[in-house]
Amino acid sequence: MSTENAAGITAPAGFLAAGAVAGLKSEGRDVALVVNTGPDKHAAAVFTTNRVAAAPVLWSRQVIADGRADAVILNSGGANACTGAPGFADTHTTAETVAEKLTAGGHDVSAGDVLVCSTGLIGVRLNMPALLGGVDRTASALSGDVEAGAAAADAIRTTDTVSKTEVRAGNGFTIGGMAKGAGMLAPGMATMLSVITTDAVISQEHLDAALREAVRVSFNRADSDGCMSTNDTVIAMASGAHPEADPSGADLSEFQAALTEVCQSLAAQLIADAEGAHHEIAIRTANAVDEEQAETAGRAVARSNLFKTAIFGQDPNWGRVLSAVGTTDVEFDPSAIDVAVNGIWVCRAGGIGEDRALVDLTGRKVDVTIDLKAGAAEATILTNDLTHDYVHENSAYSS
């Protein structure tokens, strides 16, 4: 990863960050802080659609309602989900403490403008003395340099083996991002934590619309294990601080393209680091009636444990692809569908195609193409194989 990409959220002008050790996890950094120094404080966010939403999600939904956020505090080592009123009070206390520390440092921040994100085990109260100590340490260590951005990305990891960051530059703006997620990865808006920063001059309304579209074709199409988290949050903040920013605003089409690229890169990094994964699988459904049907077909295959275990065993079992697509209400003729695995058309016209022995699945990357021959739309779903390592890691997660 390049030095620029490692900076992630601190690559755009107008942002400070830090990551610190608080003791919420057994080792390593576990609290991150991101601060927008302006002049703009525009923000947008999307959250889990899981009806069992964590306290930080409930709090942050209220904070983002006015389209402004000055800071984001994130912790790993505990989800603060299913903790009731005491857990919500802990989130409130965390935001208040962040505001106090930042205001004391000259940033003049209100608790009502502090977003909160948590990740980790569900159903356990956070160690608040440790967390608030981490707030103090991150507030004291804020910086706009590469190391600060990298430290923040490191601090939000749970079972992630590596940090996930990305940067794109446009005409008069830069976009940076960080994300975490290795399990409980299935779209219900986005399925993980992510913070995206930009120094573009862009209205809150346009930022919100751009984020939702980028998430739709990126995080919402990363489906590792079909499990939707209680804490999913994707936040975008705009400072308007780029030295060459157009005061009339960023070119929206260029900004949308760059933001989508950042989100797609982060989503691909999540799948690449999925718990126990040996293969990264891209399932492209082509020639569907519409994009929604293409996505539905691809997701059915991505959530098939039979398909995922076949890939783990390096078996190009195309029958499992067809059987998964056949469970959907997608429009297609079963006698016309074609399937390719790593470029070999193992299924033709719903039956036997090229010799499956020609398919090489020894590498990490796997490309599956499903040709429905029903229209002109397409969509790609990212997933991974189901391995012994995944079962072991998740059977021992809370012990």
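A quick note: this is a predicted structure, and the numbers were derived from the prediction, not measured.

Enquirer: Even after reading the chapter, I still don't get the overall build of the protein chain, so can you show me in this structure?
Expert: Looking only at helices and strands, the protein chain features eleven helices and 15 strands. Looking at the 399 residues of the protein chain, the share that counts as buried comes to 57%. Taking the intrachain contacts of the protein chain between residues at least 6 apart in sequence as the baseline, contacts between residues at least 24 apart amount to 80%. For the protein chain, the accessible surface area stands at approximately 15,100 Å², while carbon and sulfur atoms represent 50% of it. Each charge sign in the protein chain was given a centre, from 26 positive and 50 negative side chains, and these centres are 5 Å apart.

Enquirer: Explain the side chain of K164 to me, please; I cannot follow it from the model alone.
Expert: Its location among the elements puts K164 in strand β6 (residues 164–170). A polar side-chain atom of K164 sits 2.6 Å from a polar atom in the side chain of D160. Looking at K164, its side chain comes within polar contact range of the main-chain oxygen of V162, at 3.3 Å.

Enquirer: Please clarify how helix α4 (residues 128–140) should be interpreted in this entry.
Expert: Note on helix geometry: an α-helix contains 3.6 residues per turn, so any two residues three or four positions apart are oriented the same way. Given a rise of 1.5 Å per residue, 13 residues ought to cover 18 Å, and the 18 Å separating the end C-alpha atoms of α4 matches this to within 8%. Listed as buried for α4 are M128, A130, L131, G134, V135, T138 and A139. Residues of α4 that are buried in the fold lie against β1 (15–20), β2 (31–36), β4 (71–75) and α3 (84–104). Residue N127 occupies the N-cap position of α4, its side-chain oxygen lying 3.2 Å from the main-chain nitrogen of A130.

Enquirer: Hey, could you run me through the sheet that holds strand β3 (residues 42–47) in this one?
Expert: Within a sheet, neighbouring strands are paired by backbone hydrogen bonds and run either parallel or antiparallel to one another. Read across the open sheet, the five strands follow the order β3-β9-β8-β7-β6; overall the sheet is mixed. Looking along the sheet, the strands with just one partner apiece sit at the ends: β3 and β6. Pairs of neighbouring strands in the sheet enclose a mean axial angle of 10°, with direction left out of account. With seven bridges joining them, β6 and strand β7 (residues 173–180) adopt antiparallel strand pairing.

Enquirer: Help me understand the sheet that holds strand β15 (residues 377–384), please; the structure alone is not making it clear to me.
Expert: Taken together, six strands build an open sheet; the order of strands is β13-β12-β11-β14-β10-β15 and the sheet is mixed. Pairing within the sheet leaves two strands with one partner each, and these edge strands are β13 (351–352) and β15. In this sheet, β13 lies alongside strand β12 (residues 344–348) in antiparallel orientation, the contact comprising two bridges. Residue pairing across strands places R348 opposite G351, the latter belonging to β13. On the sheet, helix α7 (residues 252–272) packs against β10 (280–288) and β15 and is oriented at approximately 40° with respect to β15. The strands touched by helix α8 (residues 291–302) are β10, β14 (365–371) and β15; relative to β15, the strand with the most contacts, the crossing angle is about 25°.

Enquirer: Could you clarify how one ought to interpret the nonpolar core in this entry?
Expert: The nonpolar side chains of a soluble globular protein tend to be buried with one another. By size, the foremost hydrophobic cluster in this structure holds 50 residues, and its most contacted members are L33, V72, I73, L74, L102, M178 and M237. Once you skip the residues sitting within four places of it in the chain, M178 turns out to touch I9, V34, L74, A152, A153, I156, K164, T165, L193, S194, V195 and L266. Counting 31 residues, the second-largest nonpolar core is a separate cluster that includes V234, V262, A267 and L270.

Enquirer: How should helix α5 (residues 146–155) be read in this particular structure?
Expert: Within α5, seven of the ten residues are buried, which leaves it mostly tucked inside the rest of the structure. Restricting attention to buried positions, one finds in α5 the residues A148, G149, A151, A152, A153, D154 and A155. One side-chain oxygen of the residue at the start of α5 lies 3.3 Å from the amide nitrogen of E147, identifying that residue as D145.

Enquirer: Mind showing me how you'd approach the pairing of β1 here?
Expert: Within a regular strand, the side chains alternate between the two sheet faces. Counting buried positions along β1 yields five of six residues, so the element is predominantly enclosed. The sheet contact formed by β1 and β2 spans six bridges and is antiparallel. Residue pairing in the sheet places G19 in a bridge with A32 of β2.

Enquirer: Explain a negative patch on the surface here, please?
Expert: On the surface, D290, E292, D329 and E331 cluster together into a negatively charged patch. By secondary structure assignment, the location of D329 is in the loop between α10 (318–325) and β11 (338–341). According to the relative accessible area criterion, D329 is exposed, its value standing at 69%.

Enquirer: Is there a simple way to think about the pattern of salt bridges in this case?
Expert: Should the charged atoms of two oppositely charged side chains come close, the side chains can pair. The final tally for this structure, using the stated rule, is 25 salt bridges. When the shortest N-O distance is used, the salt bridge between R68 and D70 registers 2.8 Å. Residue classification places R68 among the partly exposed residues on the basis of a relative accessible area of 34%. Of the charged contacts in the structure, one is a salt bridge between E261 and R168, with a shortest N-O distance of 2.8 Å. Here the residue E261 occupies a position in helix α7, and R168 occupies one in strand β6, the gap between them amounting to 93 residues. Salt bridges linked by common partners bring E213, R216, R221, D223, E291, E295, R299 and R303 together as one network.

Enquirer: Help me out: how do you make sense of the packing of helix α2 (residues 55–63) against α3 in this one?
Expert: Axis angle and axis distance: for two packed helices, these are the angle between their axes and the distance between the axes, and together they describe the pair. Where α2 meets α3, the axes come as close as 8 Å, and the angle between the chain directions of the two elements is 55°. In terms of orientation, α2 and α3 fall into the oblique class. Pair α2 / α3 crosses with right-handed handedness. In this structure, α2 uses A55, P56, L58, W59 and Q62 to contact α3, whose residues at the interface are G87, F88, T91, H92 and A95. When grouped by side-chain class, the residues that make up the contact of α2 with α3 number six nonpolar, four polar and no charged.

About the criteria used
Residues numbered from 1 in each chain as written. Predicted model: local features only at pLDDT ≥ 70, side-chain atom pairs only at ≥ 80, totals over all residues. Heavy atoms only, no water. Helix = DSSP H or I, 4+ residues; strand = E, 2+ residues; numbered from the N terminus. Buried < 20%, exposed > 50% of the residue type's maximum accessible area, 1.4 Å probe, protein only. Contact = heavy atoms within 4.5 Å. Areas by Shrake-Rupley, 256 points an atom, 1.4 Å probe, with all protein chains shown as cover. Lys, Arg positive; Asp, Glu negative; His and termini not counted. Charge placed at Lys NZ, Arg CZ, Asp CG, Glu CD. Polar contact = N/O pair within 3.5 Å; in protein donor to acceptor, adjacent residues only side chain to side chain. Expected span 1.5 Å × (residues − 1). Pairing = 2+ DSSP bridges. Axes fitted to C-alpha atoms, helices over the stretch in contact; angles between N-to-C directions. Core = buried A, V, L, I, M, F, W, Y, C linked by side-chain atoms within 4.5 Å. Patch = residues over 30% accessible without salt bridge, like charges linked within 9 Å, V, L, I, M, F, W, Y side chains within 5 Å. Salt bridge = Lys/Arg side-chain N within 4 Å of Asp/Glu carboxyl O. Parallel < 35°, antiparallel > 145°, perpendicular 65-115°, else oblique. Left-handed = near helix turned anticlockwise from the far one by under 90°. Nonpolar A, V, L, I, M, F, W, Y, C, P; charged D, E, K, R; others polar.

By themselves, these are just geometric observations and shouldn't be taken as functional.
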